[in-house]
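Survey of secondary and tertiary structure
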Amino acid sequence: MTTTISKRPDGVALLILKNPPVNSLAATLLHSLCENAQTLAKDDSVKAVVVTGDGNFFCGGAAIDEMPTGKGGEQKASVVDVMGTLSATFDGFPKPLVAAVNGMALGGGLEVALMCAYRVISSKTAVGLPEVTLGLLPGGQGTQRLPRIVGADAALKVMLTGTPVKAAEAVKLGICDAAADAKSLLDEAAKFALSKVGQANPQLRSKQMPGTKAEVEQACKQWTTQMAKARKGEIAPAAIIELVMTAWESSQPGGKGFDFGVEEERRLFIQLVLSPESNALRHLFFAERAAQKVPGVTAKPAPVKSVGIIGAGTMGGGIAMNFVNIGTPVVLVDAKQEFLDRGLAVIKANFARRMKPEQVDKAMGMITPSLSYQDFKDVDLVVEAVFEDMELKKKIFRELDGIVKKDAFLCTNTSGLDVDAIANVTSRPERVMGTHFFSPANVMRLLENVRGTKSSGETIVTMMQMGKSIGKVAVLAGNCDGFIGNRMFAPYTAEARMLLEEGVDIQQIDAAMQKYGMAMGPSATADLIGHDVLWRAWKALGGDPAMNTKTYKGPYDLMDGTCQAERFGQKSGAGFYAYDPKTKKNAGVHPEFVKMLAEVRKRKNAATRQLSDTEIVERCLFPLINEGFKILEENFASRPSDIDIVFTNGYGYPKYRGGPMHWAEAVVGLPKLLDRLKHFDAEYAARVKSNPAYFPSDHFTPSKLLEQCVQEGVTLTQLWNKKASKL
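One numbering rule holds for all chains: residues counted from 1, following each sequence as written. Only residues with pLDDT of at least 70 get local features here, since the model is predicted, and only at 80 or more are side-chain atom pairs given and counted; chain-wide, interface and lining totals rely on the full set of residues. Side-chain numbers here rest on the full set of heavy atoms in the structure, without hydrogens or water.

Observations concerning the overall build of the chain
The secondary structure listing takes helices from DSSP runs of H or I that are at least 4 residues long and strands from runs of E that are at least 2 residues long, numbered from the N terminus. For the chain, the helix and strand inventory stands at 30 helices and 19 strands. It is over C-alpha atoms that the radius of gyration is taken, and the globule rule equals 2.2 Å times the number of residues to the power 0.38. A globule of 727 residues ought to have a C-alpha radius of gyration of about 27 Å, and the chain, at 29 Å, matches this closely. Referenced to the eigenvectors of the C-alpha coordinate spread, the extents of the chain come out at roughly 90 × 60 × 60 Å. For each residue, the accessible area found with a 1.4 Å probe, counting protein chains only, is set against the maximum for its type, and the residue is called buried under 20%, exposed over 50%, and partly exposed in between. A burial count over the chain gives 57% of its 727 residues as buried. Within the chain, the 79 negative side-chain charges are centred at a point lying 2 Å from the centre of the 86 positive side-chain charges. When charges are tallied, Lys and Arg are placed among the positive residues and Asp and Glu among the negative ones, while His and the ends of the chain are skipped. A charged residue contributes its charge at one atom only: NZ of Lys, CZ of Arg, CG of Asp or CD of Glu.

If you want it as structure tokens, here you go:
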């Protein structure tokens with residue numbers, strides 16, 4: 001966490017950022033950078049200075065783990081303060097000062113480069129300000145420097161999308177002064193620096209931001225509208241937009257000047273860094289990285305150079321695209337040629353939306369269609385993606401076991417079937433796992449990898465690495481009913497149906513959950529998924545109205561009645577809601593559903609009442625969170641943050657709330673959660689006791705793990721970390 005000096009024979013000194021792997025801006029590194037810059041400023045043997053990064057990275061930005069998350073944040077914002085000291089050092093530097101951007105320059109890394117008088121970038125890299133993805137704004141003067149170079153619209157695009165800008169575009173916009181080949185970058189940067197000897201360094205702080213007030217206001221208005229949809233519920237975009245307007249106003253003749261804008265940036269940065277939203281997004285940043293680690297497993301992943309996939313439908317085709325995208329050849333098998341032809345046509349059409357014709361041909365050439373499992377004999381991995389039928393899956397795995405090579409891995413794409421039951425029909429249960437992809441598999445980021453009782457360490461780490469290689473966020477789940485996501489989602493949807501029977505308006509329920517931040521309300525979600533998915537499975541198990549398992553929870557009446565009427569949801573044009581036959585958009589509550597709901601309430605003699613939005617959210621989410629505690633209690637998840645990754649990447653849970661487990665401990669508070677669960681559990685028991693139309697369920701019965709946290713006065717994270725340290 002330091003910087004080093006290397007002097008060249010031509011009189012140029014290299015000032016090198018060193019903090020592997022990405023040269024992040026720890027406070028110690030920034031102090032070293034300031035001190036060494038001041039030393040070089042006084043060194044008469046140095047004609048010019050080039051700032052660059054060690055290795056293949058310029059700088060990945062501020063050290064996120066050094067940012068404050070609670071009280072005292074203003075005093076702890078040392079990185080921002082040291083960046084101010086660095087700015088003063090660089091702005092007054094008496095010699096040419098050039099940033100040689102040898103690799104990615106992100107966040108604070110780009111801000112350091114912007115403090116240099118000039119920038120020369122490697123033609124193969126990119127720069128960016130992605131702080132918004134962490135609920136933050138660029139706090140190292142980026143909101144004031146970048147707009148003075150590129151103007152309002154381009155600066156807002158860089159800061160609000162967080163998308164890196166490639167070298168050529170960075171030069172075109174003026175972010176960088178020149179580009180050079182990576183091998184000759186330092187020589188070119190030194191040459192550039194020497195060409196400026198004897199000239200005063202340009203002062204970005206005194207530059208007037210381009211554009212008229214009307215143009216800047218229009219850009220701010222347009223991006224405000226875009227962010228209301230793209231980053232709904234997040235507070236950082238508004239702060240960034242405000243600071244761009246400040247940059248324009250302060251840079252105009254008679255304006256308050258650069259330092260005023262920097263102070264405003266610092267003020268808003270502190271507000272954001274202490275906000276629940278940023279705390280949540282930073283939690284997910286670390287959670288995603290932690291999810292890849294498998295406690296207690298030291299095996300190395302095996303290479304997966306070829307893949308076989310069974311099923312050319314929506315799921316199988318999507319899975320195939322993931323592997324083709326990274327250059328892994330796929331053998332795609334289905335039962336009939338017409339199924340293969342249809343699936344291949346869909347895959348080709350999907351590729352054609354984002355590829356040139358020659359690229360499509362190359363991609364499709366990596367898929368070998370077949371009607372025979374015999375063509376799997378040389379693949380490293382087979383992923384079965386047929387529909388959820390246990391006997392069919394067992395039959396397939398028995399057959400595969402006698403065909404594929406002995407060291408091949410066999411995976412079943414299932415959303416909740418017993419992976420052990422499938423693995424045990426083979427002679428290699430240690431090389432079998434569940435791989436629960438989410439539909440559409442070529443789009444959704446989440447992959448639930450399900451370890452069987454006999455899954456080997458090598459199998460587990462290979463599937464985790466496989467998920468990472470195809471661009472998924474892979475989470476390891478235990479082999480329980482519904483795994484992590486579907487097991488927790490069951491009480492959420494069940495409570496939404498119970499609320500309907502209690503007299504709560506369907507649109508109020510959905511609106512309350514959307515206001516909380518869910519992508520869709522529970523009834524709209526059920527319409528989208530299709531009520532028949534759960535209904536057919538429930539019917540196949542006997543259709544018992546009293547059925548209460550981890551993934552089947554009543555009441556079932558509304559689902560049953562809707563499906564009996566063949567209103568399965570959006571795909572049939574009607575469900576709980578009606579849908580416009582042309583646009584497929586929600587056309588309001590279906591009138592037949594309104595009638596059916598009234599009949600169900602009357603038949604069950606259901607007591608009705610009005611609820612606040614707050615209680616609706618609690619009734620739906622608290623049992624979901626409680627189930628998460630039980631999953632951890634039963635060791636079916638590796639860590640609490642894995643559950644947050646599942647829900648924020650696969651179930652439409654708002655990222656700015658950090659996931660259900662984070663929200664429970666950081667915002668709700670575990671004592672309140674426990675108290676409300678006890679209250680709802682007592683209400684549920686009273687309903688069952690007084691009305692024979694309702695049946696017992698334990699989804700409000702508090703988890704023992706939750707009770708332990710409250711009893712010991714610790715958060716779930718604290719208790720879990722304490723437990724992990726003893727392993």
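Some details on the layout of surface pockets
Site definitions follow a grid-based scheme: protein atoms alone, a 1 Å grid, a 1.4 Å probe that fits but cannot get out for cavities, and for pockets an open set with protein on both sides within 12 Å along at least five of seven lines, plus lining residues having an atom within 4 Å of a point. Grid points are joined across faces, edges and corners, and a volume is the space filled by probe spheres set on the points. Empty space within the second largest pocket amounts to approximately 870 Å³. What lines the second largest pocket is a set of 37 residues, among which Ser638, Arg639, Pro640, Ser641 and Trp720 lie closest to the centre.

Let's talk about the sheet that holds strand E13 (residues 381–384)
As summarised here, the arrangement of the eight strands in space is E12-E11-E10-E13-E14-E15-E16-E17, forming an open sheet in which the pairing is mixed. At either margin of the open sheet sits one strand with a lone partner, and together these are strand E12 (367–370) and strand E17 (473–478). Strand-to-strand twist of the sheet, defined as the mean angle between neighbouring strand axes without regard to direction, takes the value 25°. Direction of pairing for strand E16 (residues 446–451) relative to E17: parallel, over a ladder of six bridges. What sits directly across from Glu448, in E17, is Val475. Any two strands between which DSSP finds at least two bridges are classified as paired. Angles here are taken between N-to-C directions and fall from 0 to 180 degrees, while the axes themselves are lines fitted to C-alpha atoms, restricted in helices to the stretch in contact.

Topic: the packing of helix H12 (residues 276–291) against helix H26 (residues 640–650)
Put simply, H12 and H26 touch, their axes get as near as 9 Å, and they point 105° apart. Considering their axes alone, H12 and H26 lie roughly perpendicular with respect to each other. Contacts between H12 and H26 involve His283, Leu284, Ala287, Glu288 and Ala291 on the former and, on the latter, Ser641, Asp642, Asp644, Ile645 and Thr648. Here the contact of H12 with H26 is composed, by residue class, of four nonpolar, three polar and three charged. Roughly parallel covers angles under 35 degrees, roughly antiparallel covers those over 145, roughly perpendicular covers 65 to 115, and oblique covers all other angles. In this description, contact between two residues means that some pair of their heavy atoms is separated by no more than 4.5 Å. Classes in brief: Ala, Val, Leu, Ile, Met, Phe, Trp, Tyr, Cys and Pro nonpolar; Asp, Glu, Lys and Arg charged; the others, Gly included, polar.

A short note on empty space enclosed by the protein
Within the structure shown, the criterion is met by one cavity of 30 Å³ or more. Taken as a whole, the largest cavity holds about 110 Å³ of empty space.

Observations regarding helix H1 (residues 27–42)
The end-to-end C-alpha distance of H1, which contains 16 residues, comes to 23 Å, matching closely the 22 Å that a straight helix rising 1.5 Å per residue would cover. Turning to H1, its buried residues are Ala27, Leu29, Leu30, Ser32, Leu33, Cys34, Asn36, Ala37 and Leu40. Expected helix span is given by 1.5 Å per residue-to-residue step, counting one fewer step than there are residues.

Structural notes on the sheet that holds strand E9 (residues 178–180)
The mixed open sheet is built from six strands, whose spatial order is E1-E2-E3-E4-E6-E9. Each having just a single partner strand, strand E1 (2–7) and E9 make up the two edges of the open sheet. Averaged over all adjacent pairs, the angle separating strand axes in this sheet is 25°, with direction ignored. Bridging between strand E4 (residues 97–101) and strand E6 (residues 118–122) involves four bridges; their strand directions are parallel. Within E6, the residue paired with Ala100 across the bridge is Val120. Against the sheet, helix H8 (residues 185–194) engages strand E2 (12–18), strand E3 (48–53), E4, E6 and E9, with an angle of about 160° to E4.

Regarding the packing of helix H25 (residues 613–633) against helix H27 (residues 660–668)
Contact pair H25 / H27: the axes reach a minimum separation of 9 Å and the direction vectors enclose 110°. Put simply, H25 runs roughly perpendicular to H27. The element H25 and its partner H27 pack so that their crossing is left-handed. On the side of H25, the interface is formed by Val617, Leu621, Phe622, Leu624, Ile625, Gly628, Phe629 and Leu632, while H27 contributes Pro660, Met661, Trp663, Ala664 and Val668. Partitioned by chemical class, the residues of the contact of H25 with H27 number twelve nonpolar, one polar and no charged. By definition, turning the near helix anticlockwise from the far helix through less than a right angle yields a left-handed crossing, and turning it clockwise yields a right-handed one.

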